[in-house]
Amino acid sequence: RIVPMATASRPTAPLSERDLDNVCFLDWLARLSGYWQHPGHPGTGRVELDRGAVLRVTNAMDDEPYPLTLTDDEGTAVTIGARPTKIVSLTPATTEILFAVGAGPRVIGVTDADDYPPAAKQITQVVKLGTVDVEKIVGLGADLGIAGGNSFNSPDSIAKIRSLGIPVIVVYAPDVAGVFRDIEL
């Protein structure tokens with residue numbers, strides 16, 4: 001498990017455990033993305049990329065034995081037969097995380113809303129206006145899909161992709177701890 005260290009300025013009042021988790025999570029995401037911008041102060045707060053965290057995540061991904069069975073956020077057991085080399089990301093957040101953990105070169109499909117990192121804009125769009133183009137995903141030869149749960153991506157689209165032999169992991173973290181679990185998937 002990755003445990004980030006908060007670098008935000010210390011508040012005068014003690015933080016609750018939940019607030020501390022949120023600060024740590026935001027700091028961790030900022031470090032992975034290489035950039036943190038405080039909403040009230042545009043253009044401020046540059047941080048360095050936490051390469052150690054990225055390496056821990058990517059090394060863990062590469063060391064996994066295949067076939068690998070994971071349980072996604074919907075409780076579905078998803079078996080991945082081999083190390084994924086052609087991943088379709090069906091949500092912008094997933095795309096950002098995939099790039100942050102070093103899997104960007106393996107992403108072959110994204111949504112029309114993906115704009116970060118800038119390299120994501122050059123990848124084939126497989127989701128437009130919320131509609132998943134299953135035919136395009138199959139045509140690209142995807143070997144893994146990562147979808148958004150809670151109906152972010154249509155359950156029918158997810159079922160169709162799975163029926164065509166492409167494993168799909170559905171992520172929808174209800175809390176910060178869930179986000180960490182999803183990233184570790």
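Residues numbered from 1 in each chain as written. Predicted model: local features only at pLDDT ≥ 70, side-chain atom pairs only at ≥ 80, totals over all residues. Heavy atoms only, no water.

Draft legend 1. Representation of the side chain of S157. Tracing the backbone shows S157 in helix α5 (residues 155–163). The contacts of S157, once residues within four sequence positions are left out, are V132 and V134. (Helix = DSSP H or I, 4+ residues; strand = E, 2+ residues; numbered from the N terminus. Contact = heavy atoms within 4.5 Å.)

Draft legend 2. Just unusual backbone geometry, in detail. Y66 connects to P67 through a cis peptide bond whose omega is 0°. Look at the link from Y116 to P117: it is a cis peptide, with omega at -5°. Phi at L129 takes a positive value of approximately 50°, unusual for a residue other than glycine. Tracing the chain through its elements places L129 in the loop between β5 (125–128) and β6 (131–132). In this structure L129 comes out as exposed when scored by relative accessible area, which is 80%. (Buried < 20%, exposed > 50% of the residue type's maximum accessible area, 1.4 Å probe, protein only.)

Draft legend 3. Fine view of the environment of E135. Residue position: E135 is located in helix α4 (residues 134–139). Considering only alpha carbons, one finds E135 and I161, 26 residues apart in sequence, at a separation of 8.9 Å.

Draft legend 4. Fine view of the nonpolar core. In this structure, L98, L144, I146 and I169 are the most contacted members of the largest nonpolar core, which totals 17 residues. Looking at this core, the elements that each hand over two or more residues are β1 (68–71), β2 (77–80), β4 (107–111), β7 (144–148), β8 (168–171) and α6 (176–184). With 15 residues, the next largest nonpolar core counts V88, V127, I158 and V168 among its residues. (Core = buried A, V, L, I, M, F, W, Y, C linked by side-chain atoms within 4.5 Å.)

Draft legend 5. View of the side chain of D72. With respect to the helices and strands, D72 occurs in the loop between β1 and β2. Of the polar contacts made by the side chain of D72, one reaches the side chain of R162; its length is 3.0 Å. For D72, the side chain forms a polar contact with the main-chain nitrogen of V170, separated by 3.0 Å. Contacts of D72, omitting those with residues within four sequence positions, involve V78, R162, V168, I169 and V170. (Polar contact = N/O pair within 3.5 Å; in protein donor to acceptor, adjacent residues only side chain to side chain.)

Draft legend 6. Spatial organisation of the sheet that holds β7. If you trace the six strands from one edge of the open sheet to the other, you get β6-β5-β4-β3-β7-β8, paired in mixed fashion. Strands at the two margins of the open sheet, each flanked by one partner only, are β6 and β8. Across two bridges, β4 lies against β5 in parallel orientation. Looking across to β5, one finds that T111 is bridged to V127. (Pairing = 2+ DSSP bridges.)

Draft legend 7. Molecular detail of the pairing of β4. Counting buried positions along β4 yields five of five residues, so the element is predominantly enclosed. Sheet topology places strand β3 (residues 87–89) next to β4; two bridges connect them, and they run parallel. Pairing of I87 across the sheet is with V107, part of β4. A crossover connection joins β3 to the parallel β4 through helix α3 (residues 92–100); in handedness this β-α-β unit is right-handed. (Right-handed = clockwise from strand over helix to strand, strands pointing away.)

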